[in-house]
Amino acid sequence: MSEVTIYHNPACGTSRNTLALIRHAGIEPDVIEYLQTPPSKQTLRELLARLGMGVRELLREKGTPYAELGLADPKWTDEQLLDFIGQHPILMNRPVVVTPLGAKLCRPSEAVLEILPAGRLAPFTKEDGEVVRDSGVRRG
C-alpha cells in the first residue's frame, strides 16, 4: 500500500494533472476512483477531519445534482449531506490527496506539492501547457 492516496476522477483535468504531478515526484499512489468506489460515510468523516474542513466545503456544485437536490438550503445537516455524497459521489469535490504530510483538496492541481513527501521537483507541464515550478516548500 502506498503512503499517498488520491481520490480521483479520470474525467477531470485537475484530477489528472494532480495524479501526473504525484507520479512526476516518483510516487505511485493508491488511486481511488471514487465515482466507482465511493468512500464510506466514516471514511468521508475521517477525510474531512484530516482536511480540516466542513462537509459543505467538500461539496461540488458544477456538473452535479447539487442545485437539483437543493443542497444550498441550510436545512441539511452534515450527516444528511454525507448521505447525499454517498448516493451521488459526483458531489465530492476532487481531487483529494492524503499523504504523511497531510490531506488537501488539490484545486488547483499544483496545491498537491505542499503535501508531497518528496524533494523539490523539476518543472512539470500540465495538460493545458502551463508549467508548474516547485518551490520545494512542504508542510512540516
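Just above, that's the structure.
The following refers to the structure shown. (Residues numbered from 1 in each chain as written. Predicted model: local features only at pLDDT ≥ 70, side-chain atom pairs only at ≥ 80, totals over all residues. Heavy atoms only, no water.)

## Quick notes on the overall build of the protein
No. 1: Looking only at helices and strands, the protein features four helices and six strands.
No. 2: Seen in sequence order, the protein has helices and strands lined up from the N terminus as β-α-β-α-α-α-β-β-β-β.
No. 3: Scaling as 2.2 N^0.38, a compact globule of 140 residues should have a C-alpha radius of gyration of about 14 Å, and the protein matches this with 15 Å.
No. 4: Judged by the C-alpha coordinates and their principal axes, the protein covers about 45 × 30 × 25 Å. (Helix = DSSP H or I, 4+ residues; strand = E, 2+ residues; numbered from the N terminus. Rg over C-alpha atoms; globule rule 2.2 N^0.38 Å.)

## Here we look at the pairing of strand β1 (residues 5-8)
No. 1: Because side chains alternate across β1, one face comprises the buried residues T5 and Y7, and the other comprises I6 and H8, equally buried.
No. 2: Of the crossover connections in this fold, the one passing from β1 over helix α1 (residues 13-24) to the parallel strand β2 (residues 30-33) is right-handed.
No. 3: The pairing of β1 with strand β3 (residues 96-99) spans three bridges and is antiparallel. When the sheet's bridge partners are listed, T5 is paired in β3 with V98. (Buried < 20%, exposed > 50% of the residue type's maximum accessible area, 1.4 Å probe, protein only. Right-handed = clockwise from strand over helix to strand, strands pointing away. Pairing = 2+ DSSP bridges.)

## Focus on the pairing of β2
No. 1: By the bridge criterion, four bridges tie β1 to β2 in an arrangement that is parallel. Residue pairing for β2: Y7 is matched across the bridge by I32.

## A few points about the nonpolar core
No. 1: Within the largest apolar cluster, 23 residues are counted, with the highest numbers of intra-cluster contacts made by L58, L71, L81, I85, L91, M92 and V96.
No. 2: Apart from the residues lying within four places of it in its own chain, the contact partners of L91 are L58, L59, R60, T64, P65, Y66, L69, L71, F84 and I85.
No. 3: Counting 17 residues, the second largest nonpolar core, distinct from the first, contains V4, A25, V97 and I115. (Core = buried A, V, L, I, M, F, W, Y, C linked by side-chain atoms within 4.5 Å. Contact = heavy atoms within 4.5 Å.)

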